[in-house]
There are 2 protein chains.
Amino acid sequence: MNDGAIQDHYPEEFAHCYGCGRLNEDGLKIKTQWEGDESVCRYEPQPHYTGGFPGFVYGGFLASLIDCHSSGTASAADLRQRGSSPDDETPSRFVTASLRIDFIKPTPMGKILELRSRAIEIKGRKIVVSTELFVDGDVYVRGEAVMVRIPENTRW
Amino acid sequence: MNDGAIQDHYPEEFAHCYGCGRLNEDGLKIKTQWEGDESVCRYEPQPHYTGGFPGFVYGGFLASLIDCHSSGTASAADLRQRGSSPDDETPSRFVTASLRIDFIKPTPMGKILELRSRAIEIKGRKIVVSTELFVDGDVYVRGEAVMVRIPENTRW
């Protein structure tokens, strides 16, 4: 992706996700881009996304960031492993089969959260994405998501 | 809890969570109550909480429901195992150490989601909460959360 965020290349029909849909006006508009071998997302949560403890980010919000960034990473990694890019072809969409989040320490509000991810396994329709979430260079959250590619003609 | 939702008994200082804080005006106001040995939360997501696929609920939203309902379940189970209730004493607050979510099949929008949970392990400050999320009686999502009680005087 020298081609902007992967989410900007999702087909219009699949671009209404609350987390990362560019067409969801109420949503978070999470973005994913390559930096070398890692995919990166940076986000500063709006003040109302506080958790139960004053001054710290809500765990469900952190799970949302990891969920959508993992989905974007899977779409991008699927293209890259075939030597393709979102400028060459429309990315496939991936859905989450399972998500594991480890909250290492409370994540402070008022900071830019930086998620750095790798596709650690690519096998058939399945891509496993491993993520670390940093604030000022320290790891606060780790995530692992098992993503599954949706066949092109799926309409559920 | 014949005493209303556990979240309505959280101390005011800890009642601003985006997911379940009664004092967060922009939040989801997730509620947890006992029904027998299970804790139950029912929620119909607002239309903008759609996922990447039209007509289905966003995975990050489902993770948020499970996160806050698990935290509420842990607070309630902590009281109950001591024969106490939120009418007798202020519940302790629990934070999430880890969260595991299995998305079994896509969860439809426009339905009431019913989360049913149990505290399957209570040991020291740690409570493990297992959850199933139902729509019209079928299981769509399973979750397991490891919750940790915060000492009373913690101010981070």
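Per-chain numbering applies: the sequence of each chain, read as written, is numbered from 1 onward. Labels follow written order: the first chain is A, the first ligand is 1, and so on. Whole-chain, interface and lining totals are the exception, using all residues; otherwise, since this is a predicted model, local features are given only for residues with pLDDT of at least 70 and side-chain atom pairs are given and counted only at 80 or more.

**Considering the environment of F61 of chain A**
As a reminder, the rule being used: By the criteria applied, helices consist of DSSP H or I runs no shorter than four residues and strands consist of E runs no shorter than two, each listed in order from the N terminus. For the purpose of contact definition, each residue receives a C-beta atom placed from its backbone, and two residues are in contact when these atoms lie within 7 Å.
Here F61 of chain A is to be found in helix α1 (residues 59–80). Expressed as a C-alpha distance, the spacing of F61 of chain A and E13 of chain A, which sit 48 residues apart in the sequence, is 24 Å. Once residues within four sequence positions are removed from consideration, F61 of chain A is found in contact with P45 and Y49 of chain A together with Y18 of chain B.

**A few points about unusual backbone geometry**
Selection rule: Exposure classification rests on a simple neighbour count of other C-beta atoms within 10 Å of a residue's own: a residue reaching 20 or more is buried, one at 12 or fewer is exposed, and one in between is partly exposed. C-beta atoms are placed from the backbone.
Located in the positive-phi region is K29 of chain A, a residue other than glycine, with phi close to 55°. Residue K29 of chain A is classed as partly exposed on the basis of its C-beta count, with 18 C-beta atoms lying within 10 Å.

**What to know about the nonpolar core**
Proteins that are soluble and globular tend to have nonpolar side chains buried together. In plain terms, the rule: The term nonpolar core means buried Ala, Val, Leu, Ile, Met, Phe, Trp, Tyr and Cys residues held together as one set by C-beta atoms within 7 Å.
Judged by nonpolar contacts, the single largest core of 72 residues is most densely connected at L62, L65 and I101 of chain A together with L62, L65, I66 and I101 of chain B. Once you skip the residues sitting within four places of it in the chain, I101 of chain B turns out to touch S98 and L99 of chain A together with L62, A63, I66, V141 and G143 of chain B.

**Concerning the interface of chain B and chain A**
What counts here: Only Asp, Glu, Lys and Arg are considered charged, only Ala, Val, Leu, Ile, Met, Phe, Trp, Tyr, Cys and Pro nonpolar, and every remaining residue, Gly among them, polar. DSSP calls a pair of strands paired once it identifies at least 2 bridges connecting them.
Counting from both sides, the interface comprises 38 residues of chain B and, opposite them, 38 residues of chain A. Those elements that provide at least two residues to the side of chain B that touches chain A are α1 (59–80) and β3 (94–103) of chain B. Here the element with the most residues in the side of chain B that touches chain A is β3 of chain B; it accounts for nine residues. Here the residues of the side of chain B that touches chain A sort into 17 nonpolar, 15 polar and six charged. Where strand β3 (residues 94–103) of chain A lies against β3 of chain B, five bridges are found, and the strand directions are antiparallel. By the bridge assignment, I101 of chain A is partnered in β3 of chain B with L99 of chain B.

**Describing the environment of K126 of chain B**
All names here are of chain B. Tracing the chain through its elements places K126 in strand β5 (residues 126–135). Along the chain, K126 and S85 lie 41 residues apart, while their C-alpha atoms are 19 Å from each other. Setting aside anything within four residues of it in sequence, one finds K126 in contact with V146 and V148.

**Describing the packing of α1 of chain A against α1 of chain B**
The following threshold applies: Fitting a line to C-alpha atoms yields each axis, with helices limited to the stretch in contact; the angle taken between N-to-C directions then spans 0 to 180 degrees. Oblique is the label for any angle not covered by the other classes, which are roughly parallel (under 35 degrees), roughly antiparallel (over 145) and roughly perpendicular (65 to 115). Working rule for handedness: look at the near helix, and if it is turned counterclockwise from the far one by less than a right angle, call the crossing left-handed; if clockwise, right-handed.
Between α1 of chain A and α1 of chain B, the least distance of the axes is 8 Å, while the angle of their chain directions is 150°. By the angle class used here, α1 of chain A and α1 of chain B are roughly antiparallel. Crossing handedness for the pair α1 of chain A and α1 of chain B: right-handed. In this structure, α1 of chain A contributes G59, G60, A63, S64, D67 and C68 of chain A to the contact, and α1 of chain B contributes G59, G60, A63, S64, D67 and C68 of chain B. For the contact of α1 of chain A with α1 of chain B, the per-class residue count stands at four nonpolar, six polar and two charged.

**A word on the sheet that holds β3 of chain B**
One open sheet holds the twelve strands; their spatial order is β1(A)-β2(A)-β4(A)-β5(A)-β6(A)-β3(A)-β3(B)-β6(B)-β5(B)-β4(B)-β2(B)-β1(B), and the pairing between them is antiparallel. The open sheet has two free edges, formed respectively by β1 (33–35) of chain A together with β1 (33–35) of chain B, since each of these has just one partner strand. Neighbour-to-neighbour, the strand axes of this sheet turn through a mean angle of 30°, independent of strand direction. Sheet topology note: the β3 of chain B/strand β6 (residues 138–149) of chain B ladder contains nine bridges and is antiparallel. Looking at β6 of chain B, one finds that R100 of chain B is bridged to E144 of chain B. Lying on the sheet, α1 of chain B is in contact with β3 of chain A together with β1, β2 (38–43), β3, β4 (113–123), β5 and β6 of chain B; it crosses β3 of chain B at an angle near 135°.

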